[in-house]
Structure formats: structure tokens, C-alpha cells
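# Results of the structural survey
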Amino acid sequence: MINVLVVFDMLRLHGNIAGAVHQTGNQMAFCGYVYKNMEVQGSSFSDDISSIVISEGYARGRVISLLGADYLDNTCLSSGTAGLHFVNSSIMKENDIIDLIASYKVKPLIGIIGFPDFPMENRYYGRAWTGYDVENGQGGQEEDPIVFIAETGVVYHMSRSCTYLCPSINMISAFEKDNIRNEQGEKYYACERCGKGGIQAVLYITMQGNRYHNSLKCSGLKRTIYTVHLSEAGGKGKCSKCG
């Protein structure tokens, strides 16, 4: 009966290790960008990161730190922390994949003949956040370059950082709205989406638009942007700023 109850401890251990492995994998994925850029630049610092952060040894130490050595040494984990292994893991190999495999054995509280310690595994599988330069990435051709279009836009953009795609939002008081003009010298009018409930004391505007907004969360302040080939731009004209 005691060993039957230990099964619940095994399941709890399995879940705790799974959470710690997942958290460790995410942290290593963040470090992947730094590691990859240092590697490309040929810096010796990449060796330090490789040995400290982007390694099986770091993953093991991080999992033990998250769960606590005392907890692992006093649970059903065979051999305690010494029984937790990551030797089958693969880190930053093909396609910058981080594949953490935590291997260990669990044991019953009271040894029973014919009931040996049995193996368990937890796994994290993900790609390091090494980034992707969509403007200079693969797939584009000179005769059909990559361009950027907004969901409701009427032009295409050559630069993803064009201010028409990423407008800067300014905060003003309601008393200023009648005296401020946008880049084209136009006055600001109430947004059709968030301006129907009256005017708030604080309003939000962009220098490219001609509407003032009561809410920073208004969809009129946001842009849904698509990356397409020029041939797929649907006959849109060039942006006057970045085209």
C-alpha cells in the first residue's frame, strides 16, 4: 500500500521536472540569439556562452536549482540529483534546435523483488530565438522583392520600419486637440471606433493620422502588417516615404 501511494509521488516528480525543463529550455532559447550572433562575429565570448549557457551541463544545473537539491534527494528519484542526466540532449545543432531530454529513474519506497527502478524521461523541444531578418532573409528575388503592406493600406512599403507602418503614438490633453496638426497640416477628429463616448482628458494621436483616440488599446492605433512579394501586392502604389 505504501508503494502504491508512492506512485503519486512519482507523478508529481515527473510533472515538476517537466516544468523545470520547459522553463530552462525557454531561457536557453532566449540566450540563443546572443550565442548565434557572437558565433557569427567570431568572438571568443561565444565559447563562454557555449560552455556556460548553451550546454547540457547548464541545463542540468538549472533544473536542479529550480527544483532544489534537497527536494530531489528526498523523493523517489533514484540516486537523487546524481541520477538526473541530460546526456541525450542536443543543443544548437541543425536549425538551432534546443532538444533537452531529462533522463532518470524512479524507485519504490520499499524495495520489492521483481520491481526494479524504472526509467522516465521529460523533453523540451524548441528552436532558439536566433531571429530572422525578413528584409534580407532568403526567399526574395531582385525581380520580385519582398514588400510590406498593412491590412487596410492602399500602398506597399519597402521598409518594415517605415513610420507609416509603425506610427509613433503621442499623448496630448483634450485642450490641445484643436491646435495640433499632423504631418500634412490636418486637424484631428474623433476616432470612429473609440471616440463615440465623449472626449477623455487624455487623448492619443499619431503624426501620420488625423484621428484622436480615447483609448491606447483602440484598433485604429494598431497595424496588421503582411510580408509579401511585390507581385502579390495587388496593384498597390509605392509608399511616398519609403518607396
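None of the values given here were measured: they were computed from a predicted structure.

Reading the values: rules and limits
- Residues numbered from 1 in each chain as written.
- Predicted model: local features only at pLDDT ≥ 70, side-chain atom pairs only at ≥ 80, totals over all residues.
- Heavy atoms only, no water.
- Helix = DSSP H or I, 4+ residues; strand = E, 2+ residues; numbered from the N terminus.
- Buried < 20%, exposed > 50% of the residue type's maximum accessible area, 1.4 Å probe, protein only.
- Contact = heavy atoms within 4.5 Å.
- Areas by Shrake-Rupley, 256 points an atom, 1.4 Å probe, with all protein chains shown as cover.
- Patch = residues over 30% accessible without salt bridge, like charges linked within 9 Å, V, L, I, M, F, W, Y side chains within 5 Å.
- Salt bridge = Lys/Arg side-chain N within 4 Å of Asp/Glu carboxyl O.
- Core = buried A, V, L, I, M, F, W, Y, C linked by side-chain atoms within 4.5 Å.
- Pairing = 2+ DSSP bridges.
- pLDDT = per-residue confidence, 0-100.

## Some remarks on the overall build of the chain
Helix and strand content of the chain: 4 helices and 11 strands. Counting only residues that meet the buried cut, the chain has 35% of its 243 residues in that class. Taking contacts inside the chain between residues at least 6 apart in sequence as the whole, the part at least 24 apart equals 61%. For the chain, the exposed surface amounts to about 14600 Å²; the carbon and sulfur share of it is 54%.

## A few points about a nonpolar patch on the surface
A cluster of nonpolar side chains, contributed by Leu5, Val7, Phe8 and Leu11, occupies part of the molecular surface with about 430 Å² of accessible area. If you trace the backbone, Val7 turns up in helix H1 (residues 2-41). Judged by relative accessible area, Val7 falls into the partly exposed class, the value being 39%.

## Considering the nonpolar core
Counting residues in each nonpolar core, the largest one holds 27 residues, and the members touching the most others are Ile98 and Leu100. If one sorts the elements of this core by residue count, H1 sits on top with 8 residues. In this structure, Ile98 is in contact with Gly25, Met28, Ala29, Ser90, Ile91, Met92, Tyr124, Tyr125, Gly126 and Ala128, ignoring residues within four places of it in sequence. Among the nonpolar cores identified, the runner-up in size contains 7 residues, and Ile172, Ala174, Ile180 and Ile205 belong to it.

## Things to note about the pairing of strand E2 (residues 97-106)
Counted residue by residue, E2 has 9 buried out of 10 residues, so it is predominantly covered. The hairpin turn running from strand E1 (residues 90-91) into E2, its antiparallel successor, is 5 residues long, and Met92 in that turn takes a positive phi close to 55°. Bridge count for E2 against strand E3 (residues 118-127) is 10 bridges, and the pairing is antiparallel. The residue bridging Ser103 from the neighbouring strand is Glu121, located in E3.

## Structural notes on the confidence of the model for the chain
Averaged over every residue, the pLDDT of the chain is 81; residues scoring 70 or more account for 84%. Within the chain, the lowest mean pLDDT, 45, falls on helix H2 (residues 45-52), and the highest, 93, falls on helix H4 (residues 69-73). pLDDT under 50 marks residues 39-52. Its contacts with residues more than four places away, or in other chains, come to 13 contacts.

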